[in-house]
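Given next are the chains, with one letter for each unit.
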Amino acid sequence: MSQELPILKKGAFYYIRDGQADHILEDRTKRGLTVREQTTDETYGVLADKGMIHDMDGIGYWVPIRWYYPKKDHDLAKVVDHAEKMEKKYTELRELTCPDDSD
């Protein structure tokens with residue numbers, strides 16, 4: 001993002017920022033990933049910045065970097081719910097793949 005917006009809530013794997021018209025949920029695991037497109041996220045039905053990551057076989061996957069929840073349609077609690085689900089998923093993945101780093 002070109003300008004730093006105020007952080008409303010922060011987790012180990014996310015930020016929720018206060019945009020003018022949107023609550024913006026950023027996936028911290030995707031920081032540094034170049035935004036390649038902005039489309040509607042199929043799961044959450046909101047605009048999302050997406051980038052491309054590649055697996056070891058060179059196959060590319062579109063992944064969301066940040067989601068824009070319009071304040072007029074989504075309260076902060078709904079955004080926090082999405083963020084906490086993402087936090088839980090990443091925490092479980094970290095515990096599975098790096099059990100010594102869980103502290």
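That block above? That's the structure.
A. Structural detail: the packing of aromatic side chains. Taken as a whole and judged by the stated rule, the model has two aromatic pairs. With 5.3 Å between their ring centres and 45° between their planes, Phe13 and Tyr90 make a pair best called tilted. You can see Phe13 sitting in the loop between β1 (7-10) and β2 (14-18) and its partner Tyr90 sitting in helix α1 (residues 76-97), a full 77 residues away along the chain. Among the residues examined, Phe13 registers a relative accessible area of 13% and is labelled buried. Among the residues examined, Tyr90 registers a relative accessible area of 12% and is labelled buried.

B. Focus on the pattern of salt bridges. Here the structure, examined in full by the defined rule, presents nine salt bridges. The salt bridge partner of Lys88 is Glu92, with a shortest N-O separation of 2.9 Å. Highlighted residues: Lys88 and Glu92, both in helix α1, separated by four residues, approximately one helical turn. Judged by its relative accessible area of 42%, Glu92 is partly exposed. Each member of the salt-bridge network shares a partner with another, and the members are Glu4, Arg17 and Glu26.

The rules behind these values
Residues numbered from 1 in each chain as written. Predicted model: local features only at pLDDT ≥ 70, side-chain atom pairs only at ≥ 80, totals over all residues. Heavy atoms only, no water. Phe/Tyr/Trp six-rings, centres within 6.5 Å; stacked < 30°, edge-to-face > 60°. Helix = DSSP H or I, 4+ residues; strand = E, 2+ residues; numbered from the N terminus. Buried < 20%, exposed > 50% of the residue type's maximum accessible area, 1.4 Å probe, protein only. Salt bridge = Lys/Arg side-chain N within 4 Å of Asp/Glu carboxyl O.

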